[in-house]
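Chain by chain, the residues:
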Amino acid sequence: EFYSSIHAMSKVFGYEQKLLQHMQKFIADNDSKLDFLKARLEEFERERNEALQWGVAYFESPLNKYLLSKRLTLDWQRIANLMAASTGEKSLSRLHQLRQRKHMPNEAELEGAIDGLLRLQSIYRLQTKHVAAGILDGVSYGTQLNAEHCLDIGQQALRLEHLQLAHAWLMEANNRLTTAEDHHQLQPQIAEKLAQVKARLSNNQGVNGTVEKIEEHSPVPENLTVLSEFDAYRYTCSGHIKPTPSDQRDLRCGYLTETHPFLLLAPLKVEELRTEPLLLLYHEVLYQSEIDVITKLTRNKIERATVTGQNSSTVSNARTSQFTFIPKTRHKVLRTIDQRVEDMTGLNLMFAEDHQFSNYGVGGHYAQHMDWFYPNAFETNQVANPEMGNRIATVLFYLTDVAQGGGTAFPIIKQLLKPEKYAAAFWYNLHASGVGDTRVLHGACPIIAGSKWVLNRWIRENYQSDKRPCELWDDSQISLSQLLELSRRASKQI
Ligand SMILES: O=C(O)CCC(=O)C(=O)O
Ligand SMILES: [Fe+2]
């Protein structure tokens, strides 16, 4: 699972250094063995040449008879033994051990890494020729891919039915054939795969077996209001879906001082991103010292995130991040943060879920979802502490900035929050009636470069009645029967 977090990736990077050291030792041992053999070979050849110069007289000397016999018995036996002995076994067995280590990537990880790259490419509409040249969204990382790498990626894109991208990568592989050996070895494979891609594309398009120009990305639809949920998420990540000036006209920002007397002294800086439904962004609501404690608390604790399914939690490509839950009893800093969340939200944190810390590495993302539980999740016992009710609100703290990508996208309310260290987003998941609000659909966009840490505070609805009174009227935009339908679909999907 190393590709889903930078933390795990740096560990594996350390293992690679050890692998290289064992390999060096192996080579050094074998080198000295070969050096020894070469010296013996020279010696034998020298003796033989001398013998040849003697001619027949050589065999007349008892000394030479002895030397020849010795060479052909003892000496050659030693040489043969040495040649047969495996050298560097110790380094080899250490190397094997290291490769068995936890976190060592296997083939599934390799595929995951390519998946992540293709996801980045399709969401941010990156051009293949740029990616292959190490340029990601305009920033150059100085890593070039060779023809073989491009072929690998093209093949996987083909397996994943990303036909347009498969085509672009295979063409790039062709462009990157440099040596004669590459041409000889790779070109036939590339040509074969290209033919497959073209055949599939023309089948799909129903064009009499010919495909004209193959674009690597389909054009951005003109009407961005009728899209699948995933497309809405990705076009929000890429910045194509964004609020209009009229969406933003009534928004305010300022200092929050009302929820607690303490805030008169230290007001919270808050910005309204949307009023209906409410989406707020608090700036500078964490201290570096708190992040330092959190870093220590979560070190070595994260594991690959799952999505909750019908029968169990499963690792899914819809969510490639790593997380851990930590109860607030573990450290005073977590309780201090909860006090601050109470001040920020006016809600009661007594029964919030444990603190969830997530780490996303390059390519890491979490596709669109709602944080609230569908009714069927309660019926099928998938909700921990169901008596606490649904997740009334979310506070999402950003513990890092992210170099490129990694925003939180809200496709329906057209917002893309760029991770800002020390900031936190707040939104209600439920309508005042308690019905889940579908407008707060959101997801974590894939990271292009850098690493992202977030802390989720999921606040449950019980014990909030004096804070956010439950309303009898339903302000939701969907009916309960539509909600149940959504819920049924969600349980089938996972
Ligand atoms: O990391 C983000 O930006 C969003 C995370 C999220 O939505 C979640 O963990 O539920
Ligand atoms: Fe979420």
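It should be emphasised that the depicted structure is a prediction, and the values quoted were computed from it without experimental measurement.

### Regarding helix 12 (residues 288-298)
Piece 1. Within helix 12 the residues assigned to the buried category are E290, I291, I294, L297 and T298. One side of helix 12 carries all its buried residues, which in axial view fall inside an arc of 120°.

### Points about the coordination of the iron ion (ligand 2)
Piece 1. The iron ion (ligand 2) binds to the protein through H369 (NE2), D371 (OD) and H442 (NE2); the donor distances cover 2.1 to 2.2 Å.
Piece 2. Taken in sequence order, the residues that donate to the iron ion (ligand 2) follow the motif H-x1-D-x70-H. We note that H369, like D371, is buried.

### As for a nonpolar patch on the surface
Piece 1. Where nonpolar side chains cluster on the molecular surface, the patch consists of L20, M23 and I27 and spans about 280 Å² of accessible area.
Piece 2. Examined against the element boundaries, L20 turns out to sit in helix 1 (residues 6-54).
Piece 3. For L20, a relative accessible area of 48% puts it in the partly exposed group.

### Comments concerning the confidence of the model for the chain
Piece 1. Confidence in the prediction of the chain, expressed as mean pLDDT, is 85, and 84% of residues score 70 or more.
Piece 2. Within the chain, strand 8 (residues 313-314) has the poorest average pLDDT of any element, 48, and strand 14 (residues 408-410) the best, 98.
Piece 3. Between residues 308-313, whose pLDDT stays under 50, and residues either more than four places distant or in other chains, the model counts 12 contacts.

### Considerations on the nonpolar core
Piece 1. Grouped together as the largest cluster of nonpolar side chains are 53 residues, with contacts concentrated most on F397 and L399.
Piece 2. When contributions to this core are tallied by element, the ones reaching two or more residues are strand 4 (268-274), strand 5 (279-283), helix 12, helix 13 (332-345), strand 10 (355-360), strand 12 (391-398), strand 16 (424-428) and strand 19 (452-460).
Piece 3. The element contributing the most residues to this core is strand 12, with 6 residues.
Piece 4. Apart from the residues within four sequence positions on either side, F397 is in contact with V285, L286, I337, V341, M344, A423, A424, W453, V454, L455 and R457.
Piece 5. Counting 35 residues, the second largest nonpolar core, distinct from the first, contains L158, A173, I214 and A409.

The rules behind the values
Residues numbered from 1 in each chain as written. Chains lettered and ligands numbered in written order. Predicted model: local features only at pLDDT ≥ 70, side-chain atom pairs only at ≥ 80, totals over all residues. Heavy atoms only, no water. Buried < 20%, exposed > 50% of the residue type's maximum accessible area, 1.4 Å probe, protein only. Helix = DSSP H or I, 4+ residues; strand = E, 2+ residues; numbered from the N terminus. Arc of directions from axis to C-beta. Donors = N, O, S within 2.8 Å, 3.2 Å for Na, K, Ca; no water. Patch = residues over 30% accessible without salt bridge, like charges linked within 9 Å, V, L, I, M, F, W, Y side chains within 5 Å. Areas by Shrake-Rupley, 256 points an atom, 1.4 Å probe, with all protein chains shown as cover. Salt bridge = Lys/Arg side-chain N within 4 Å of Asp/Glu carboxyl O. pLDDT = per-residue confidence, 0-100. Contact = heavy atoms within 4.5 Å. Core = buried A, V, L, I, M, F, W, Y, C linked by side-chain atoms within 4.5 Å.

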